[in-house]
Amino acid sequence: MKWFWFAVANVRRNRRRSATTILIAAVGTAALLVGGGFVQYNYALLRRIAAHDSGHVVLAHRDHFDGDEDLPMQHGVDDASLVKARLEADARVIVALPRLQFSGLISNGDKSAVFIGTGIDAEGESRVRGSSLWKLTAGSTLSARPSEDDLPEIMLGKELARQLRVVPGSTLTLLATTTEGSLNAQDVRVKGIYSVGVPEMDRRAVLVHLPTAQRLLLTDRVSTVSAYLRRIDDTDVVQATMAGLFPGRALQTWRDQAFYYRAVRALYNRIFGLLGAIIVVLVLFAISNTLGMAVVERTREIGTFRALGAVPAQITRNFVLEGLVVGLAGAAIGTAAATLISFAVDRAGAMMPPPPGYSVGYPLLIDRSPALYAAAALVIAAVSAIAAWAVSRKAAARSIVEALAHV
Amino acid sequence: MDHDTTCVAPRVSPAPGRDGAVRAEALQLAAPLLQLRDVAKAYRVGHVTVPALRGVSLDVGEGEFLALVGPSGSGKSTLLHICGLIDAPDAGRYQLEGKDVSRLGPRELAILRRERVGFVFQGFNLVPVLTALENVEIPLLLAGVARAERGARSRASLEAVGLGGLERRRPDELSGGQRQRVAIARAMVGRPRLVLADEPTANLDGATAAQVIDVMRELGRTRGVTFVVATHDERMARHCDRVVALRDGVLA
């Protein structure tokens, strides 16, 4: 403890120089925390979106993900009700949602366009996804259950609706190839118009009730059954359980399905990893410079300590402690600054611009994860200690006579 | 640590019988604390080798107060450094307390310095951010002495040099003489057998230098510590038991 206070006293010897170095360490820490917090928030947001889009674990026919189909739903799941019931019996599963992916032509009588459709369990989807993930621009979402009296309901991407010049209440016709290879048509009524957030998808996307899609394709199969879990961390465990329950089926987690999440994560890891490395190197140089000057100025003192019986490791330890004092002071100030900045950003309610390929932005928030804060403080402290060790070890082992003669 | 058996043997292997014991006791009393034989040291300055010591042989007894005198460049400081184990001779042999120190590694030398040797420097070499008491504590702190004992011994050491009550003063709040006395207290706190002082009065006025000399003499006398003092100061030399003159790296 005595040596710690000695280190504190030494840091205070040249206050202006130490203050500048502490400030650099603080700015470095704050930059790491704000940048890291932003990335963490984005990862969490993208994970949530990815998991909500696909479901945490997706079950399908063993050839669904890799094989090509000669006919629609050739690689479909034909016991979806049984799968759903068995999955929902697991307490970790909120709901299991069957989905049917199909494509074809959609026509308003005058004009036709290609669509990519999904047949869904509207009630179950709204239960786990909420309404916020479907950004309605007109009308409303699909009814919880398909109506028996009226035409089947459909939701369209906003660009597709614009192309077909339809509004809620308009009638359209879906044309698709059935599981037997023939063509089938189904009249539908526009219930709502929505935005997926990706312009390409907004030009093609269509949502209908699952029975509507099954009727159109003349099948009782579904493409996939997605299990939605209470906790995202249970994904791998539940996947393993499902593999035991349904041998011979293909299973993918939300991570396998989240191409966008993986791409963004890889990109951010590189960008912010490089920035983080630059910050760490800057802090390393700043502390090396400060302590390097201190070592030169105190060469005679080092010689005195050695003459009094200090071994080089004790000299180095003292400088490492000084580095730690500077680093930890910087980390403490930087942590406080990062916390204030993140709260200020939260309150400002700023939005990020739409990512490439997307038409909507997302809120700019900064995560305040204790693990991140601890890691940043640890990195800055470690960098400071390493810098101190590097600059002092030569001086500590220098000839005592030379050190004492240093002017 | 290696022991030089030729020197230690008389202490541990007295001749049998009463006469042998008496002889051993006499040898022990007569055994010098320092023994240098044909010690040589040269420094390289650029491409030139400058001899600093050329075959110096010297014995210094226990409790002796020895002055090393000579003009600048005569090799006083080099000899002092070798005696204090902070420099090694190129040739010759050096024994401290009968132990050949030439075979000791840096860590063993550091421990030996910590336990056996004290230093007083011309420029005091106090740590400016520490108080007088904390400066005196340094050798004990390096040796890992417990806090309470450290404090007590350091206070006693400051008392012994007449600085009781000034424990909390920092070096810049002390006069030159007081600083040098703090340095002497620091040199003495580890209870060394040998104290080496390099021009301890050079930066002091006459009256203060006299006080510092008195303190050192008194400590040497009361504690039986051997002092080797490199000095230009004739007053200092006059107070020493023996004066050894060096000229061009050899004993004059």
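Before going into details, it helps to say that this report is about the structure given with it. Residue numbers restart at each chain and count upward from 1, following the sequence in its written direction. Chains carry letters from A onward and ligands carry numbers from 1 onward, assigned in written order. Totals for whole chains, interfaces and linings use all residues, but because this is a predicted model, local features are given only for residues with pLDDT of at least 70 and pairs of side-chain atoms are given and counted only at 80 or more.

Residues other than glycine seldom take positive phi values, yet Arg165 of chain A does so here, at roughly 55°. By the secondary structure assignment, Arg165 of chain A is in the loop between helix 5 (158-164) and strand 6 (171-177). If you check the backbone angles, Leu85 of chain B has positive phi at about 65° while not being a glycine. Here Leu85 of chain B is to be found in the loop between helix 3 (76-83) and strand 4 (91-96). Exposed residues have 12 or fewer other C-beta atoms within 10 Å of their own C-beta, buried residues have 20 or more, and residues in between are partly exposed; the C-beta atoms are placed from the backbone. Judged by C-beta crowding, with 24 C-beta atoms within 10 Å, Leu85 of chain B ranks as buried. Where helices and strands are cited, they refer to DSSP runs of H or I of at least four residues and of E of at least two residues respectively, numbered from the N terminus.

All names here are of chain B. Their axes nearest at 7 Å, the elements helix 5 (residues 132-142) and helix 7 (residues 176-188) cross at an angle of 30°. The angle between helix 5 and helix 7 places the two elements in the roughly parallel class. Remark: the crossing between helix 5 and helix 7 carries right-handed chirality. For the pair helix 5 and helix 7, contact is made by Ala132, Asn135, Val136, Ile138 and Pro139 and by Val182, Ala185 and Arg186, respectively. Taken together, the residues of the contact of helix 5 with helix 7 break down into six nonpolar, one polar and one charged. Think of each axis as a best-fit line through the C-alpha atoms, taken over the contacting stretch in the case of a helix, with angles from 0 to 180 degrees between the N-to-C directions. Here the angle decides the label: under 35 degrees means roughly parallel, over 145 means roughly antiparallel, 65 to 115 means roughly perpendicular, and every other value means oblique. Handedness of a crossing is defined here by the sense of rotation of the near helix relative to the far one, left-handed for an anticlockwise turn of less than a right angle and right-handed for a clockwise turn. Contact between residues is assigned whenever the C-beta positions, reconstructed from backbone atoms, fall within 7 Å. Basically, the charged four are Asp, Glu, Lys and Arg, the nonpolar ten are Ala, Val, Leu, Ile, Met, Phe, Trp, Tyr, Cys and Pro, and anything else, Gly included, counts as polar.

So, about helix 13 (residues 370-396) of chain A. Helices are assigned an expected span. That span is 1.5 Å times one less than the residue count. An ideal rise of 1.5 Å per residue puts 39 Å on 27 residues; helix 13 of chain A measures up with 37 Å between its terminal C-alpha atoms. At any given residue, the bend is defined as the angle formed between two axes, one fitted to the seven residues that end at that position and one fitted to the seven that begin there. Along helix 13 of chain A, the helix axis deviates most sharply at Ala390 of chain A, where the bend reaches about 25°.

This brings us to the interface of chain B and chain A. Contact residues are listed per partner, giving 19 residues for chain B and 15 residues for chain A. Among the elements that make up the side of chain B that touches chain A, the one with the highest residue count is helix 4 (residues 106-116) of chain B (five residues). Residues of the side of chain B that touches chain A, tallied by class, amount to twelve nonpolar, three polar and four charged.

What follows concerns the pairing of strand 6 of chain A. Residues and elements named next belong to chain A. Burial of the side chains of strand 6 is restricted to one face: Leu172, Leu174 and Ala176 are buried, whereas none of Thr171, Thr173, Leu175 and Thr177 on the reverse face is. For two strands to be treated as a pair, DSSP must find no fewer than two bridges joining them. In terms of strand pairing, strand 6 meets strand 7 (residues 183-195) through seven bridges, oriented antiparallel. In the sheet register, Thr173 faces strand 7, and the bridge partner there is Asp187. Counting the residues that bridge the hairpin from strand 6 to strand 7 gives five residues, and of these Gly181 lies at a positive phi of roughly 95°.

Here the focus is the packing of helix 10 (residues 259-297) of chain A against helix 12 (residues 312-348) of chain A. All names here are of chain A. Running from N to C, helix 10 and helix 12 point in directions that differ by 140°, and their axes come no closer than 11 Å. Put simply, helix 10 runs oblique to helix 12. The interaxial crossing formed by helix 10 with helix 12 has right-handed handedness. Counting all contacts with helix 10, which are made through Ile287, Thr290, Leu291 and Val295, the residues of helix 12 involved are Phe319, Glu322, Gly323, Val326 and Gly327.

By themselves, these figures tell us nothing about what the structure is for.
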